[in-house]
4 protein chains.
Amino acid sequence: IFFNGWSPRKHQLSVLFSFDYRVFVNRSVTLENIKCYGFDMDYTLAAYKSPDYEDLGFELLRDRLVSIGYPHELLRYNYDPTFPTRGLVFDTMYGNLLKVDSNGNILLCSHGFTFLKRDKIHDYYPNNFIQRGNTDRFYILNTLFNLSETYLYGCLVELFTRCSRYVNCQKGFKYGDLFMSFRSMFQDVRDAMDYVHDTGVLKESTLKNLDKYVIRDPNLPVLLTRIKEVAKVFLATNSDYNYTEVRLMNVSICFSSKNPKKQWRAFFDLVVVDTRKPLFFAEGTVLRQVDTNTGKLRIGTYTGDLQHGTVYSGGSSDIVCDLLDVKGKDILYVGDHIFGDILKSKKRQGWKTFLVVPELAKELQVWTEKSLLHFSCRECPDISAIQTRIKVVTYRMDLSYGQMGSLLRSGSRQTLFASQLMRYADLYSSTCINLLHYPFSYLFRAQSVLMPHESSVDHHPLNFPSPEFSALDHVQKISEAKV
Amino acid sequence: IFFNGWSPRKHQLSVLFSFDYRVFVNRSVTLENIKCYGFDMDYTLAAYKSPDYEDLGFELLRDRLVSIGYPHELLRYNYDPTFPTRGLVFDTMYGNLLKVDSNGNILLCSHGFTFLKRDKIHDYYPNNFIQRGNTDRFYILNTLFNLSETYLYGCLVELFTRCSRYVNCQKGFKYGDLFMSFRSMFQDVRDAMDYVHDTGVLKESTLKNLDKYVIRDPNLPVLLTRIKEVAKVFLATNSDYNYTEVRLMNVSICFSSKNPKKQWRAFFDLVVVDTRKPLFFAEGTVLRQVDTNTGKLRIGTYTGDLQHGTVYSGGSSDIVCDLLDVKGKDILYVGDHIFGDILKSKKRQGWKTFLVVPELAKELQVWTEKSLLHFSCRECPDISAIQTRIKVVTYRMDLSYGQMGSLLRSGSRQTLFASQLMRYADLYSSTCINLLHYPFSYLFRAQSVLMPHESSVDHHPLNFPSPEFSALDHVQKISEAKV
Amino acid sequence: IFFNGWSPRKHQLSVLFSFDYRVFVNRSVTLENIKCYGFDMDYTLAAYKSPDYEDLGFELLRDRLVSIGYPHELLRYNYDPTFPTRGLVFDTMYGNLLKVDSNGNILLCSHGFTFLKRDKIHDYYPNNFIQRGNTDRFYILNTLFNLSETYLYGCLVELFTRCSRYVNCQKGFKYGDLFMSFRSMFQDVRDAMDYVHDTGVLKESTLKNLDKYVIRDPNLPVLLTRIKEVAKVFLATNSDYNYTEVRLMNVSICFSSKNPKKQWRAFFDLVVVDTRKPLFFAEGTVLRQVDTNTGKLRIGTYTGDLQHGTVYSGGSSDIVCDLLDVKGKDILYVGDHIFGDILKSKKRQGWKTFLVVPELAKELQVWTEKSLLHFSCRECPDISAIQTRIKVVTYRMDLSYGQMGSLLRSGSRQTLFASQLMRYADLYSSTCINLLHYPFSYLFRAQSVLMPHESSVDHHPLNFPSPEFSALDHVQKISEAKV
Amino acid sequence: IFFNGWSPRKHQLSVLFSFDYRVFVNRSVTLENIKCYGFDMDYTLAAYKSPDYEDLGFELLRDRLVSIGYPHELLRYNYDPTFPTRGLVFDTMYGNLLKVDSNGNILLCSHGFTFLKRDKIHDYYPNNFIQRGNTDRFYILNTLFNLSETYLYGCLVELFTRCSRYVNCQKGFKYGDLFMSFRSMFQDVRDAMDYVHDTGVLKESTLKNLDKYVIRDPNLPVLLTRIKEVAKVFLATNSDYNYTEVRLMNVSICFSSKNPKKQWRAFFDLVVVDTRKPLFFAEGTVLRQVDTNTGKLRIGTYTGDLQHGTVYSGGSSDIVCDLLDVKGKDILYVGDHIFGDILKSKKRQGWKTFLVVPELAKELQVWTEKSLLHFSCRECPDISAIQTRIKVVTYRMDLSYGQMGSLLRSGSRQTLFASQLMRYADLYSSTCINLLHYPFSYLFRAQSVLMPHESSVDHHPLNFPSPEFSALDHVQKISEAKV
């Protein structure tokens, strides 16, 4: 089943096939069975340069807040990419940024830029625990767009805490008769986010300086071309048509030649804009055609055969299956965003998922380098000395990721983000381009999960032939033999 | 923190500390922190001899069915311990016994004693999948008491299928104007189970022949005595007082001396009967005192200090915590039954759990022996030959467990039971006696779970000092240093 | 559409057609359209003599409590029919009996036999209000079987409150180290109810003295015979077959002749026992045939045509429709019990409902007599004098019903029972025999409900021709005219 | 308790106190106990001239649709106030406008402007019934702002049905490869509604021609002044500050003098804009101060004492209670909109409600005039003749209301809107100004609801002294007498 005898394993230690180029597997996926590839746009096909893009987002947010009345001292803050990590939780009651595990246990907690000690955390959160289901109070900052917002919460709390004009209270700050609650601050930042994204301010600034903010990858057309030879390809983005067009025209230096307007659409069998994910994966909205000349919606819905180059607005994941005549389980959907709703869509439709996690490059680098600082536990007679050493090593390792540590773990414990990644993504990698390094006949095989008693037995686990393998295969075999 | 320098690791390969004696770890538990041990009775402290006890249960059920009108041919069937495996699902619509994984995918399916082929299964269950949440239709046979019932479903379907008087239909059998649906057959068996358990028929037969049905372990008093030196101990059983007394008086040969009636209670700080688990772990019922002379309930509730030897009826897990003055997280509860509700209780009360899985002895034996038949994948040039070989090995391995295969897996895939075991039990072992092999200062440490990209890096994972370890420890350290 | 020119209106004031004989209408029902009549047994076809039967129930309950350890003083209490009213709520936390309206506002509250003042009630229940949805705490005593139980709660609380050995606490009584909570008292009474009903103690005592406990009505065979001439008739009872047979053989003096065993079944097209209502109205259970010789269930289900005289066990309302080949909306179901689930069944199946409310005879009598004591508000210059007079009148009226007042109202306010009666019963009457007084072509017409602004206009409302009437009829008419 | 011996009853038949001036009562409200009056703005304090304002709304919507691509033929349609009635339901699947009762039974159904016959309705809706809980499919047009939208649905369906270019299908219209589903049409109209309301197009047009669109009532300042003498007054509107200011400055001719900007605020103790009802009645949003000079929000929240003339944005009904220091049950909230959520708020907070129903003037007029055309049923020997006559009378009566008939009933049956009005509004009237006609000591007394058996007894019901009256009052009285 391997393609031309080519196997990624052979290259495993070579420079070319470094970890950065690998695709990782939570649940086995047989590429040969994938009949259709779907792509998100932002951060998936069209990635942004980090931290420049976050920097831009932060400045626009910050300036917006000052314009609606926040103190001018806020302008002194500039984006610091070493502070925020994706997947943090903002507590709108107490103004803290929290790093938590999948059960809501607190791994790290900052108030402004101050990291709190365990007993201080305990004052805020008895049992060091949050009810993360309380989404009214706890806001999860899961997307890459949330990074600048995350840093801004840090800045605001820091600013008011240090500003002598304001009195620190448990749920906010007081200044004369005015009370600035963390809750209202949160609402202001959310409103500013809407302003920056919905009014087009961010898009305009991005388009003005594409070279600065946007990654152009010559491999992208190569990837899309190769995929199109073996499967159907679609784009499903929450952006509107006009922004989608400009972004994808400029996504690769190779695109700039000749007729980029037509050219980019040629890579897709179907283009759907205004998808309103996660609604798209549930009931969806009415599917409309887009007039690609004006960018306006046509009234009514096109019902003829799928025409190449037609662009749609709205719809749903079900409709995409119908239009492309594929079943959910034959689709690999590549995106950068963990939707709680994708789970639902998995249940109902079985789409395979490929999550793009740009931070993975750095995560892998730190993990690889720092874990070499290991030590042999057995030789060391003094347990407390070992423990101290472990703490030192782990701490250094954590700091290598940034002030908030790794996106995926804190010491021995996995983050909420990591648990969602393992639950909702079948495959993941730092970029979708990494699919290029695997033949389309490739079987991404998940590691066998052994139970504790099984792994205690000292032998290599059986190499089961496929993830679908069970005793049923024998029943089959025997029955066939009998017949 | 180790006790007298004693470590189970040293003995790992010795005869004395074989796998059979081990306790396995899903989530780390520090025994040193456990202030209270709770025990279930049946199959936990008071185990039954297998398969004699299942055999008895089967006969009583079978005879009951014949007495309410089932054909006398049923009497020809005797219990066959090689057929049933715990954790199977009975489909009350189609009469099939199913082995499924945690998502409801079918691993194995029998109709009577005939194992169905994949395409036949597909006819019954499109996508080889059941909605296991549909508990109205699918009945999970999770407890050891269900084993004889499981085999009886096989017998009944086999009997009617082969009996020429009956016409086979999709949902049952027809005989003249009578229709015998699988659903009504199921209800009859459930009613017979209630009859056999509630009327005392099974208990009487057991007590008449204790030597035949009941395991007596000289180590049990040793275990309970040792625990009592370091922690509180309670018993919480769904049985009534009289049966509890007789069973526990006879649970060890050492108990038979002197005054067994008083003696057995002396092992416990608290004895609670009629617990009505899983209700006990939720709202519970009213706590009543039992008159240990008559076995009758007292009216009202005792409210003074806990008196040694007092026996209670009813109550709830919360009340137990109050009476013993311990917190949920300080309790290790040892039982043989996976309650969906224990999960809830874990959330609210954080009881640690130790699951007794008697099958584990055999599971480990087969796993150890058969997996030595392994083969090296890399040298073999012909993939289909490998696959065939794997199938053969796996099949042999499966049959070694019994006709339905392992309790915990089918080939590379884990069963629903295995996934529940991993989710709900912190520790598990084939018997609670195995706790004897560990010092009370022992730290049961769970294996680190590495994410796919982490385990791809070729070095030993860091040995994190404790499962509670996160970057918070550094913040703590640094802050303390500053102060 | 009237039968022989006969109209109940003409007789409205005559002695023969007194209010006691009337059927009252919440929602219009056209008898002509009813194709099938269903009957409950206890208190519907087979009524008990009140208060002798409640008296018997009380004694059995009381004696049971004493036998499990309750003080012998309890034996001094005898049933007092003037105390309890159906539909009261027992608060298992504080031991109070409550009369409430549909929103949970408290209309009356007794602790033992002492009626509490408003401020005392307020101490127990801020806002004079209970969350009646909290069924874990508040137990609604809705059925006629609950009457003796209701009185027993009064006795128990009275006994312990007055007994000098016991200390009164908020949630129960203390006696040395023992605490007798209202909750445990409640559970004991519930267990005693199960004992009295399930072990057959009550049934045996009833059968021993049929003349004393059972009403025999010569009109019942007349009613059933008449109905059977125009529609199908079925019986659906939660009782088992043997009790059903004895009760219905003895339900009328006319039945005692010749062959009563066969005779009673001849009145029904279908007899279903063990119905497990309200489950019967939802998913139901497996339908089984009853061997009318032995009373035992047959295995399997009869599937041939409906045979006269066959008796079934279990099943569901859906199955009844299938067996009798009628639609839900064509059935009038006559029973004495308000099931929350009948509502559901109404939604799904549209069964019409006729509720038997034996208390109605007395309710009507008091309402008629006492309301003649009215007074003219307008002539009276002094408002507070009027109010006092109203209070006096209302109080006398309430006492005429009993200590707890009317089943249906307290002063100007309706009880929870009344609101359920209006919501769930289409028709209601003091006995099902009253159906005899209406021709089978009768249209039971609900009063028009006028909105406040409509009834302010001083003219008689239009007599709309049918409750189904809307403007659609005109559209129809006009359209037909055009065609 | 009457004010100055003044009673509305005396004037009941006088010209001055005609029905138009009355307030109607669903549940009793004692004005004397009301400590705080709250008002909505649009259609409550600031009413629009009908049908001019609906006409304007219709034109803006219609033109918007044409501008996004709808056929120019649409421009031929003008608003026809005789067609739509409030409270209709649009079926987004089949494009029908439905008038339904509270259970979802269909009273009237139009497709475009064609009213469907019963059998045609039956084809669309088996059992003439809709599952109105299916809000995804059925859209309820409950507010006065929905009137133009309602008519537009009629126009669109009519246009496409009659247009020869389009083929009529069950779920929409086909034109070549394009399919115009009723669903997409609905979404376009909803989007156009958002456009017209959110972009300020409608507001601008209204403000340009205040005389044409806005009612100015000299009695409004009189009402607000009187109320302010006896109670607190607040305004709670979903509009923003600037629109609120312009509208309320112009709400009365008396306001135009001197300094209208300050003057209008002087009528209120508290002004809250941007309330986002119904969210306001649930968890609400952050409360912010409005800078009344710029209309912008201040950051932070004012926490000092309530200052007269301060304007707030956001908040919740709970916050309003806190700021004004009143309890929910002491508030009478006057609005034009039935919120499902007000029910919830009633449960939690007990606000009393007064619904403004402008249509009531006409409803009362038709009801009064037409019902004089009554007839005596008893004299008429021929039932079918009576029925025909009733149908004719009812039909004429229905047409007097408009093509869709009355807002509140269709023949003998009440509409969904009527049932919601009775359930959620304690009081209702055609305008809030009608409060002027009652003294502030007035007791609005609800009619007693008699059960069918009670109203069968031929005497006037007791005049119970208050809606809160129950037997408890006697217990109280007697107890006090004893003490």
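Please read these numbers as outputs of a predicted model, since none were measured by experiment.

The rules behind the values
- Residues numbered from 1 in each chain as written.
- Chains lettered and ligands numbered in written order.
- Predicted model: local features only at pLDDT ≥ 70, side-chain atom pairs only at ≥ 80, totals over all residues.
- Heavy atoms only, no water.
- UniProt positions renumbered as here; feature names shortened; annotations may be inferred.
- Helix = DSSP H or I, 4+ residues; strand = E, 2+ residues; numbered from the N terminus.
- Buried < 20%, exposed > 50% of the residue type's maximum accessible area, 1.4 Å probe, protein only.
- Contact = heavy atoms within 4.5 Å.
- Polar contact = N/O pair within 3.5 Å; in protein donor to acceptor, adjacent residues only side chain to side chain.
- Phe/Tyr/Trp six-rings, centres within 6.5 Å; stacked < 30°, edge-to-face > 60°.
- Salt bridge = Lys/Arg side-chain N within 4 Å of Asp/Glu carboxyl O.
- Pairing = 2+ DSSP bridges.
- Least-squares fit on C-alpha atoms with pLDDT ≥ 70 in both.
- pLDDT = per-residue confidence, 0-100.
- Buried area = accessible area lost by both parts, 1.4 Å probe.
- Nonpolar A, V, L, I, M, F, W, Y, C, P; charged D, E, K, R; others polar.
- Axes fitted to C-alpha atoms, helices over the stretch in contact; angles between N-to-C directions.

### Remarks on the UniProt feature "binding site: Mg(2+)" (unreviewed entry) in chain A
Residue and element names in this part refer to chain A. The feature "binding site: Mg(2+)" (unreviewed entry), as annotated in UniProt, sits at Asp40 and Asp336 in this numbering. These annotated residues cover 297 residues of sequence, but their C-alpha atoms sit close together, with the largest distance between any two at 7.4 Å. In this structure, Asp40 sits in the loop between β3 (36-39) and α1 (52-67). Exposure remark for Asp40: the relative accessible area of 9% places this residue in the buried category. In this structure Asp40 touches Leu45, Leu235, Ala236, Thr237, Lys277, Tyr333, Val334, Gly335 and Asp336, once residues within four positions along its chain are discounted. At 3.0 Å, the side chain of Asp40 and the side chain of Lys277 are in polar contact. With respect to the helices, strands and loops of the structure, Asp336 is situated in the loop between β17 (331-335) and α11 (340-349). For Asp336, a relative accessible area of 7% gives the class buried. Beyond its immediate stretch of four places on either side in the chain, Asp336 contacts Asp40, Asp42, Tyr43, Thr44, Arg86, Leu144, Leu355 and Val356.

### Observations regarding the environment of Val286(D)
The topology assignment puts Val286(D) in the loop between β13 (270-273) and β14 (288-290). The spatial distance from the C-alpha of Val286(D) to the C-alpha of Thr301(D) is 8.3 Å, given a sequence separation of 15 residues. Discounting chain neighbours no more than four positions away, the residues touching Val286(D) are Arg183(A), Ser184(A), Gln187(A), Thr301(D), Ser313(D), Gly314(D) and Gly315(D).

### Digging into the packing of aromatic side chains
All names here are of chain A. Applying the stated criterion to the full structure yields 158 aromatic pairs over all chains. Taking the centre distance of 5.6 Å and the plane angle of 35° together, the rings of Phe24 and Tyr428 count as tilted. Within this pair, whereas Phe24 is found in strand β1 (residues 24-25), its partner Tyr428 is found in strand β21 (residues 427-429), the two being separated by 404 residues in sequence. The exposure class of Phe24 is buried, given its relative accessible area of 2%.

### Digging into the pattern of salt bridges
Side chains that differ in charge, positive against negative, can pair when their charged atoms come close. Residue and element names in this part refer to chain C. The tally for this structure, following the rule as stated, stands at 64 salt bridges over all chains. Notably, a salt bridge pairs Arg162 with Glu158, separated by 2.3 Å at the nearest N-O pair. Of this pair, Arg162 and Glu158 both sit in helix α3 (residues 146-162), four residues apart, which is roughly one turn of the helix. Look at Glu158 and you get buried, because its relative accessible area is 7%.

### Description of the sheet that holds strand β16 (residues 311-313) of chain D
Residues and elements named next belong to chain D. An order of β1-β21-β18-β17-β3-β12-β13-β16-β14 is seen for the nine strands of this open sheet, with the pairing classed as mixed. Every interior strand has two partners, whereas the edge strands, β1 (24-25) and β14, have only one. Pairing of strand β3 (residues 36-39) with strand β12 (residues 232-236), which is carried by four bridges, proceeds in the parallel orientation. Within β12, the position partnered with Phe39 by the bridge is Leu235.

### Looking at the relation of the copies chain B and chain C
With an axial shift of 0.0 Å and an RMSD of 0.1 Å, the rotation relating chain B to chain C amounts to 180°. Accordingly, the operation relating the two chain copies is best matched by a two-fold axis. Taking C-alpha positions as the reference, the residue of chain B nearest the rotation axis is Thr199(B), at 6.6 Å.

### Examining the UniProt feature "binding site: GMP" (unreviewed entry) in chain A
Residue and element names in this part refer to chain A. As recorded in UniProt, the feature "binding site: GMP" (unreviewed entry) lies at Asp42. Examined against the element boundaries, Asp42 turns out to sit in the loop between β3 and α1. Non-local contacts of Asp42, meaning those with residues more than four positions away in its chain, are made with Tyr48, Phe145, Ser239, Tyr243, Arg247 and Asp336.

### Describing the confidence of the model for chain A
All names here are of chain A. The pLDDT averaged across chain A works out to 83; a share of 81% of its residues lies at or above 70. Per-residue pLDDT, averaged within each element of chain A, yields its smallest value for α11 (50) and its largest for strand β4 (residues 88-91) (98). Counting interchain partners and residues more than four positions distant, the pLDDT-below-50 stretch residues 373-380 has 11 contacts. Note on residues 460-468: pLDDT under 50 across the span, and 23 contacts to partners over four residues away in sequence or across chains. In the predicted assembly, ipTM is 0.80 and pTM is 0.76.

### Notes on the interface of chain B and chain C
Chain B puts 28 residues into the contact, and the matching count from chain C is 28 residues. Carbon and sulfur atoms make up 53% of the surface buried where chain B meets chain C, a total of about 2200 Å² over both sides. Applying the counting rule to chain B against chain C returns two salt bridges. Run the count over chain B and chain C and you get two residue pairs in polar contact (both at pLDDT 80 or more). Those elements that place two or more of their residues in the side of chain B that touches chain C are β11 (178-181), α4 (182-198), β14 (288-290) and β15 (301-302) of chain B. Per-element tally for the side of chain B that touches chain C: the top contributor is α4(B), with four residues. Its residues assigned to classes, the side of chain B that touches chain C shows 10 nonpolar, 10 polar and eight charged. Pairing of β11(B) with strand β15 (residues 301-302) of chain C involves two bridges; the strand directions are antiparallel. Residue pairing in the sheet places Phe179(B) in a bridge with Thr301(C) of β15(C).

### So, the sheet that holds β15(C)
Sheet architecture is open: four strands sit in the order β9(B)-β10(B)-β11(B)-β15(C), paired in antiparallel fashion. In this open sheet, the two edge strands, each paired with only one partner strand, are β9 (167-169) of chain B together with β15 of chain C. Across the sheet, helix α3 (residues 146-162) of chain B is in contact with β9, β10 (172-175) and β11 of chain B; its angle to β10(B) comes to roughly 40°. Its contacts with the sheet place α4(B) against β9, β10 and β11 of chain B, and it is angled at close to 65° to β11(B).

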